[in-house]
Amino acid sequence: MRCRICGAPAAINMRQHKLALCRAHFVDWIPEQTERAIDHYKMADRGEKLLVAVSGGKDSLALWDVLHRLGYAADGVYIDLGIDEGIGYSGKSRALCESFAAARGLNLQVVSVPAVYGASIPDVAKKSMRGRRKPCSVCGLVKRHIMNRICREQGYAALATGHNLDDEAAVLLHNAMTWSGGYLVRQAPVLAATRPGLARKIKPFCRIYERETAAYALMQKIEYIYEECPYSEGSSTLYYKEILNRMEEDRPGAKLQFYLAFLQAKDQGLFAPGASGESDLHECAQCGQPTSAPGKCAFCRLWENATPPGLRPPSP
Amino acid sequence: MLRMDAQPLTTTLIHRGKRIEVRSGSTLRDAIRKAGFSPEAVLAAKDGELITDDRILLPGDEILLVAVISGG
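Everything numeric in this text was worked out from a predicted model, so none of it was measured. (Residues numbered from 1 in each chain as written. Chains lettered and ligands numbered in written order. Predicted model: local features only at pLDDT ≥ 70, side-chain atom pairs only at ≥ 80, totals over all residues. Heavy atoms only, no water.)

**Concerning the interface of chain B and chain A**
- Every contact between the two is made by 21 residues of chain B and, on the other side, 26 residues of chain A.
- Taking both partners together, chain B and chain A bury about 2,100 Å²; carbon and sulfur atoms supply 51% of that area.
- Broken down residue by residue, the surface that chain B buries against chain A is led by Glu40(B), Leu50(B) and Ile69(B), which jointly contribute 28%.
- Viewed at the interface, chain A and chain B are joined by two salt bridges. (Contact = heavy atoms within 4.5 Å. Buried area = accessible area lost by both parts, 1.4 Å probe. Salt bridge = Lys/Arg side-chain N within 4 Å of Asp/Glu carboxyl O.)

In structure tokens form, the structure reads like this:
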């Protein structure tokens, strides 16, 4: 197979686009596609200050690389979750983020959950109803809270995450299986800052397949953590991704069509106005971040219940 | 008569450190499927360079399969 542009041996074939490209053309194609998505969904303006949530994985580091190449003022934030599980997972991923930033002269902020809040994610999860069986839900809650706080306090216009098309399609399938209207209506390439205190969230890779973000990271020689998070084994996301990939094998473009047709249907009024429940948001009595819970937000309640008196986290 | 210098008739796929022998002569895509993986969920590299899965496998080839799906 040959590169459609130059005729050199192709390094990747994107069946959904009927497009094969060599390395040189592919590493330029990804930023072009990313910029098209940013413009199409009005994610960010060129002069805006962006914060990229990096995990040490291929998607987030590739996104930071692409935004940097496109000329966006993009800083990074890494949240050290204190996950070890015998493989030093957080330590390895943190080191990869730090070396990535150092090599490019980029600004990376590191927030250590154990150091700042007094317990690792696995430890705090064990003490909560939400995370007793698996810490993933607690992990998501903590990350969202910290990232939103940093955006708000430091004046970032938007938080950029490395969610790719496979992530989005898997979440969509999961939520469609249970007709979770509140989640479905909020799934979008851009989550607007609908109220003060809530950062805009953008997903510039939302139309790019996971296979392509991985290829980009490999071709750009970005060192990323190859091991899975020890807690992701058996996750519903992996399950739905596998199902979607089986469909994709038979029908190239199935995943992309599923996601784009959903966005189109949503634009055309698939959901009734107000289905998101966002109008019920108010400020948390402790930290001031938006919450739908009465009184304190889930983040503040998590630490209150899980941390012994005297080890309470500092008020955010 | 047994030829001692005969080339192996297999290609080796390497996935997460595990070596899997497959018959040469088929396309990489078919070999990936026969080895139990989804061609949508892996990238293939030979001699450090990514290759497309229409490649016909030659005896003695070693192909690294990089898993691309993460579940976080």
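**So, the sheet that holds strand β4 (residues 49-51) of chain B**
- If you walk across this open sheet you meet the five strands as β2-β1-β5-β3-β4 (chain B), and the pairing is mixed. In this open sheet, the two strands that pair with only one neighbour each are β2 (18-23) and β4 of chain B. Going from strand to strand, the sheet's axes swing by 35° on average, the running direction of each strand aside.
- Note: strand β1 (residues 10-15) of chain B against strand β5 (residues 62-67) of chain B, four bridges, orientation parallel. The residue bridging Leu13(B) from the neighbouring strand is Ile63(B), located in β5(B).
- Lying over the sheet, helix α9 (residues 210-219) of chain A contacts β3 (42-46), β4 and β5 of chain B, oriented at roughly 30° with respect to β3(B). (Pairing = 2+ DSSP bridges. Helix = DSSP H or I, 4+ residues; strand = E, 2+ residues; numbered from the N terminus. Axes fitted to C-alpha atoms, helices over the stretch in contact; angles between N-to-C directions.)

**Remarks on the sheet that holds strand β7 (residues 190-191) of chain A**
All names here are of chain A.
- Spatially, β5-β4-β3-β6-β8-β7 is the arrangement adopted by the six strands of the open sheet, whose pairing is mixed. One side of each edge strand has no neighbouring strand; the edge strands of this open sheet are β5 (108-112) and β7.
- Pairing between β7 and strand β8 (residues 200-202): two bridges, direction antiparallel. In the strand pairing of β8, leucine 191 is matched with lysine 201.

**What about the nonpolar core?**
All names here are of chain A.
- Of all hydrophobic cores here, the largest spans 64 residues; its most connected members are Phe26, Trp64 and Leu67.
- Ranked by the residues each element gives to this core, the list is headed by helix α2 (residues 58-70), at seven residues.
- Beyond its immediate sequence surroundings of up to four residues, leucine 67 is in contact with Ile38, Leu50, Val52, Tyr72, Ala74 and Ala160.
- Core analysis: the next-biggest nonpolar cluster, separate from the first, contains 37 residues, Tyr117, Ala119, Ala125 and Ala298 among them. (Core = buried A, V, L, I, M, F, W, Y, C linked by side-chain atoms within 4.5 Å. Buried < 20%, exposed > 50% of the residue type's maximum accessible area, 1.4 Å probe, protein only.)

**Description of the packing of α2(A) against α9(A)**
All names here are of chain A.
- Close contact between α2 and α9 brings their axes to 9 Å; oriented N to C, the two are set at 65°. Relative to α9, the element α2 lies roughly perpendicular. Considering how the two elements wind past one another, α2 and α9 form a crossing that is left-handed. Residues Lys58, Asp59, Ala62, Asp65, Val66 and Arg69 of α2 pack against Glu210, Thr213, Ala214, Tyr216 and Ala217 of α9.
- In terms of residue class, the contact of α2 with α9 is made up of five nonpolar, one polar and five charged. (Parallel < 35°, antiparallel > 145°, perpendicular 65-115°, else oblique. Left-handed = near helix turned anticlockwise from the far one by under 90°. Nonpolar A, V, L, I, M, F, W, Y, C, P; charged D, E, K, R; others polar.)

**Structural notes on the pattern of salt bridges**
- Counted under the stated rule, the structure contains 23 salt bridges over all chains.
- Across the pair Lys241(A) and Glu210(A) runs a salt bridge, and its minimum N-O distance is 2.9 Å. Of this pair, Lys241(A) sits in helix α10 (residues 236-250) while Glu210(A) sits in helix α9; the two residues are 31 residues apart in sequence, bridging distant segments of the chain. Grouping residues by exposure puts Lys241(A) and Glu210(A) together as buried.
- Here Glu62(B) makes a salt bridge to Arg19(B), at a shortest N to O gap of 2.4 Å. You can see Glu62(B) sitting in strand β5 and its partner Arg19(B) sitting in strand β2, a full 43 residues away along the chain.

**A look at the pairing of β1(B)**
All names here are of chain B.
- The element β1 is extensively covered by neighbouring structure, given that five of its six residues are classed as buried.
- Examined bridge by bridge, β1 and β2 share six bridges and lie antiparallel to one another. Bridging across to β2, threonine 10 finds its partner in arginine 23.
- Between the end of β1 and the start of β2, which pair antiparallel, lie two residues, with arginine 16 showing a positive phi angle near 50°.

**Observations concerning α9(A)**
- Within α9(A), nine of the 10 residues are buried, leaving the element largely enclosed by the surrounding structure.
- Taken as a whole, α9(A) has its buried residues at Glu210(A), Arg211(A), Glu212(A), Thr213(A), Ala214(A), Ala215(A), Tyr216(A), Ala217(A) and Met219(A).

**Things to note about the confidence of the model for chain B**
- Per-residue pLDDT for chain B averages 91, and the proportion of residues at 70 or more is 88%.
- Reported confidences for the modelled complex are a pTM of 0.92 and an ipTM of 0.90. (pLDDT = per-residue confidence, 0-100.)

**Quick look at the packing of helix α7 (residues 165-177) of chain A against helix α11 (residues 254-267) of chain A**
Residue and element names in this part refer to chain A.
- Contact geometry for α7 and α11: axes closest at 9 Å, N-to-C directions at 65°. By the angle class used here, α7 and α11 are roughly perpendicular. Crossing of α7 against α11: the hand is left-handed. Where α7 abuts α11, its residues Leu165, Asp166, Glu168, Ala169, Leu172 and Leu173 lie against Lys255, Leu256, Phe258, Tyr259 and Phe262.

**Thoughts on the side chain of Ser38(B)**
- Relative to the elements of secondary structure, Ser38(B) occurs in the loop between α1 (28-34) and β3.
- Sequence-distant contacts of Ser38(B), that is, excluding residues within four places in its chain, are made with Asn245(A), Glu249(A) and Ile32(B).

**Thoughts on the state of the cysteines**
Residues and elements named next belong to chain A.
- Tallied over the entire structure, the rule returns zero disulfides over all chains.
- Not part of a disulfide, cysteine 139 finds its nearest cysteine sulfur in cysteine 229, a span of 6.7 Å.
- Here cysteine 139 falls in the buried class, since its relative accessible area comes to 10%. (Disulfide = S-S within 2.5 Å.)

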